[in-house]
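# Chain and residue survey
Below are the chains, spelled out letter by letter.
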Amino acid sequence: MLGAIWQTIFVTPLFNLLVGLYRLSGASLGLAIILLTIIIRAALLPVMLPSAKNMKKQQDLKPELDKIREKFKYDKQKQAEKQMELFKQHGINPASGCLTQIITILVLFALFGVIRQFTLAENMEEINSLLYFPFLRFTGDALVNTRFLYMDLSKPDPYFVLAILSGVIQFIASKMTMPFSAMGEKIAKKTPEQTDDIAFNMQKQMLYTMPIMNVIVGVTLPSGVVLYILTAAVFSVLQSYLLHGFGGLTPDIERVKKWIKK
């Protein structure tokens, strides 16, 4: 029952959209996946923007948050209480990014099913049975072109290039959404247990967890799915830059500029 609902609501619509883009792109599955990713991320903007706006509000509250950390650096419970009070006053929900992550993961699983069905189907009748419109259907002797650059998109990237790139880009994207992490880390080093408030710890976990997960799953999943993950990460970087600049990446950029000048 749940499998049928999942197939009907998520997998089959994405399947039809991917096939349509495959047709429009001249039978390039790689280009179709990139276009599909852009369309999905653009469609999800209304859901993702509240989380991005929360990040911007947190950036604006940086001076007040730093004062709270400094004042209660030896009392993490009090520090968390004061920080949550400040967030509540300004209408900020620190967990708002969770919804974005859940939706992203759901789309990832759906796309995994789509690419598997599209590239591993034993005959074209399997593919055609899932398509809504006759003009999308394939002839019986047609073959799906799964080649893109040096890869077969139905199989894992043999050189792990996409996995590594997706991890690096995701790290950059996560870093950009941490506008006050540098100060938080500086104050955390002054505390007895080298830890800080809840929000800072959540940010630190996201900073490293998502890139590591991207690399881990990237070396095992079909490269077509990893291409989606990489394109989505690039989209996140551009979105973050347009909304609040380089954010937490700014100190690193300044250090690089100073190093280049030397």
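One structure accompanies this document, and this report is about it. Nothing here was measured: the structure is a model prediction, and the numbers come from that model.

Tallying each qualifying case throughout the model produces six aromatic pairs. On the basis of an interplanar angle of 35 degrees and a centroid distance of 4.7 Å, the ring pair of tryptophan 6 and phenylalanine 10 is categorised as tilted. With tryptophan 6 and phenylalanine 10 both in helix α1 (residues 2-24) and four residues apart, this pair spans about one turn of that helix. Ring geometry for tyrosine 241 versus phenylalanine 246: centroids 4.9 Å apart, planes at 55 degrees, classification tilted.

Bringing the pattern of salt bridges into the picture now. In total, this model carries two salt bridges according to the counting rule given. Between arginine 255 and aspartate 252 there is a salt bridge, with the nearest N and O atoms lying 2.6 Å from each other. Of the two residues, arginine 255 and aspartate 252 are both situated in helix α12 (residues 250-261); the distance of three residues between them amounts to about one turn of the helix. Take aspartate 252: its relative accessible area is 24%, and that puts it in the partly exposed class.

Glancing now at a nonpolar patch on the surface. Together, Met1, Leu2, Ile5, Ile9, Phe10, Ile102 and Leu106 line one region of the surface with nonpolar side chains, adding up to about 730 Å² of accessible area. By residue number, the principal contributor to the nonpolar patch is α1, which donates four residues. Along the chain, leucine 2 falls in helix α1.

Reading the values: rules and limits
- Residues numbered from 1 in each chain as written.
- Predicted model: local features only at pLDDT ≥ 70, side-chain atom pairs only at ≥ 80, totals over all residues.
- Heavy atoms only, no water.
- Phe/Tyr/Trp six-rings, centres within 6.5 Å; stacked < 30°, edge-to-face > 60°.
- Helix = DSSP H or I, 4+ residues; strand = E, 2+ residues; numbered from the N terminus.
- Salt bridge = Lys/Arg side-chain N within 4 Å of Asp/Glu carboxyl O.
- Buried < 20%, exposed > 50% of the residue type's maximum accessible area, 1.4 Å probe, protein only.
- Patch = residues over 30% accessible without salt bridge, like charges linked within 9 Å, V, L, I, M, F, W, Y side chains within 5 Å.
- Areas by Shrake-Rupley, 256 points an atom, 1.4 Å probe, with all protein chains shown as cover.

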